[in-house]
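For reference, the chains in residue letters:
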Amino acid sequence: MGKLQAIAVVGPTSSGKTALSVRLAELLHGEVLSADCMAAYKGFDIGTAKPSPDELARAQFHLIDVVEPEEPFNVALFQKLAREAVRQVQQRGHLPIIAGGTGLYLRALLHGFSLPPAAGNAEMRQKLLQRAADGETEQMHLELQQLDADAAAKIHRNDVIRLTRALEVILTTGQPFSQLQKAEAPEELLHVAVFGLTMPRELLAERIELRCRLMLEAGWLDEVRRLLDAGVPVSSPAMRSLGYRELAAVVMGELSLEEAVPEITKQTRQYAKRQMTWFRKEPGVQWLDATQPLENILNEVMTHIDTNDRETAR
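These lines cover the structure that appears in this document, whether it is placed above or below. (Residues numbered from 1 in each chain as written. Predicted model: local features only at pLDDT ≥ 70, side-chain atom pairs only at ≥ 80, totals over all residues. Heavy atoms only, no water.)

Observations concerning helix α14 (residues 294-303)
Turning to α14, its buried residues are Ile 297, Leu 298, Val 301 and Met 302. Taken down its axis, α14 places every buried residue within 140° of arc, on the same side. (Buried < 20%, exposed > 50% of the residue type's maximum accessible area, 1.4 Å probe, protein only. Helix = DSSP H or I, 4+ residues; strand = E, 2+ residues; numbered from the N terminus. Arc of directions from axis to C-beta.)

Given below as structure tokens:
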């Protein structure tokens with residue numbers, strides 16, 4: 001291996017990415033960069049599974065709580081902030097540990113691609129997001145097929161973020177979204193070791209249901225109530241986070257908690273499946289069995305990092 005400049009930990013939700021990243025940061029003098037599109041929002045803590053107080057004390061985290069709930073946080077902004085964070089971490093002589101499950105964000109950082117130059121159209125974006133919230137994703141995907149077949153072939157109709165972004169760019173610029181994304185060399189990362197966590201689907205489903213229950217016990221519903229009381233609208237970008245709109249409906253009396261919980265776990269399982277589909281197609285991922293004890297997984301990672309790499313990280 002050449003000189004290691006960063007480590008990335010990828011995988012589906014509930015697979016243990018944060019725990020592994022913290023241990024790697026402790027061992028390799030690293031700092032953790034979140035590649036989770038929803039952890040960027042302030043106040044959305046429990047449902048987005050942000051690092052615990054103990055984890056925050058053990059490792060330095062970046063790209064968490066960087067935008068307000070009503071502000072857009074997209075791949076272009078992530079790419080900009082993440083590249084700057086990587087530069088600063090490396091200047092301190094530390095190793096960037098990039099952890100997250102938002103595949104497009106990781107690809108933008110690790111492999112690099114130029115993003116549409118249009119700044120975006122906030123009003124149009126909100127209309128598209130509302131259409132998606134109203135269950136029109138299938139119709140929106142059909143519209144994308146008509147406007148840009150190449151982009152539609154790469155974007156699943158349930159991938160709300162990319163679907164709305166593609167339509168927003170096309171309707172704003174009049175140019176195909178697929179033609180505006182061109183490969184370019186990453187600006188910061190030249191040598192990255194990418195590790196993926198995986199486990200049987202049935203076990204992952206059990207973990208997702210357990211985490212949902214633990215989040216509710218930790219006060220997730222009260223967190224949603226506080227956000228609504230603070231004036232955060234249900235239509236805000238941050239409310240796209242898994243489970244928040246369902247719990248907002250519970251708070252507003254539109255849905256019972258007994259109805260909301262199965263829907264949240266169902267959507268989370270579907271999201272985890274899409275995450276694995278994405279990461280299985282990513283090049284160079286070293287897959288690890290996430291059912292092992294954490295220290296065993298950590299030992300496997302370390303065996304893939306040679307002595308020269310570890311010395312470079314110090």
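Now that the structure has been shown, we can carry on.
Topic: the nonpolar core
In terms of nonpolar packing, the biggest core is built from 46 residues, with Phe 44, Phe 78, Ile 98 and Trp 220 touching the most fellow members. Listing elements by their share of this core, those giving two or more residues are β1 (6-10), α3 (75-91), α4 (103-110), α10 (201-217), α11 (220-229), α12 (244-251) and α13 (257-280). Among all residues touching Trp 220, those that are not within four sequence positions of it are Ile 46, Gly 47, Cys 212, Met 215, Leu 242, Gly 243, Tyr 244, Leu 247 and Ile 264. In this structure, Leu 28, Ala 99, Leu 197 and Val 301 belong to the second largest nonpolar core, which totals 30 residues. (Core = buried A, V, L, I, M, F, W, Y, C linked by side-chain atoms within 4.5 Å. Contact = heavy atoms within 4.5 Å.)

Quick look at the pattern of salt bridges
Close approach of charged atoms allows side chains of opposite charge to pair. Per the counting criterion, the structure on display carries 16 salt bridges. With a closest N to O distance of 2.9 Å, Glu 295 and Arg 23 form a salt bridge. Residue Glu 295 is found in helix α14, and its partner Arg 23 is found in helix α1 (residues 17-27); the two are separated by 272 residues along the sequence. When its relative accessible area of 17% is taken as the criterion, Arg 23 is described as buried. Here Glu 168 ties to Arg 165 by a salt bridge, and the two come within 3.7 Å at their closest N and O atoms. Taken together, the residues span about one helical turn, with Glu 168 and Arg 165 both in helix α8 (residues 160-173) at a distance of three residues. Judged by relative accessible area, Glu 168 falls into the buried class, the value being 2%. Taking relative accessible area as the criterion, Arg 165 reaches 11% and is therefore assigned buried. When salt bridges with common partners are traced through the structure, they connect Arg 23, Glu 26, Asp 54, Arg 58 and Glu 295 into a single cluster. (Salt bridge = Lys/Arg side-chain N within 4 Å of Asp/Glu carboxyl O.)

Side note on the environment of Ile 170
Mapped onto the fold, Ile 170 is located in helix α8. Put simply, Ile 170 and Leu 144 are 26 residues apart on the chain and 8.8 Å apart in space, counted from C-alpha to C-alpha. Once residues lying within four places of it in the same chain are set aside, the contact partners of Ile 170 are Leu 144, Leu 147, Asp 148, Gln 175, Pro 176 and Phe 177.

Quick word on the sheet that holds strand β2 (residues 30-34)
If you walk across this open sheet you meet the six strands as β3-β2-β4-β1-β5-β6, and the pairing is parallel. The open sheet has two edge strands, β3 (61-62) and β6 (285-289), and neither has a second partner. Sheet analysis places strand β5 (residues 192-198) next to β6, joined by five bridges and oriented parallel. In the sheet register, Gly 196 faces β6, and the bridge partner there is Trp 287. Packed on one face of the sheet, α13 meets β1, β5 and β6 and runs near 135° to β6. (Pairing = 2+ DSSP bridges. Axes fitted to C-alpha atoms, helices over the stretch in contact; angles between N-to-C directions.)

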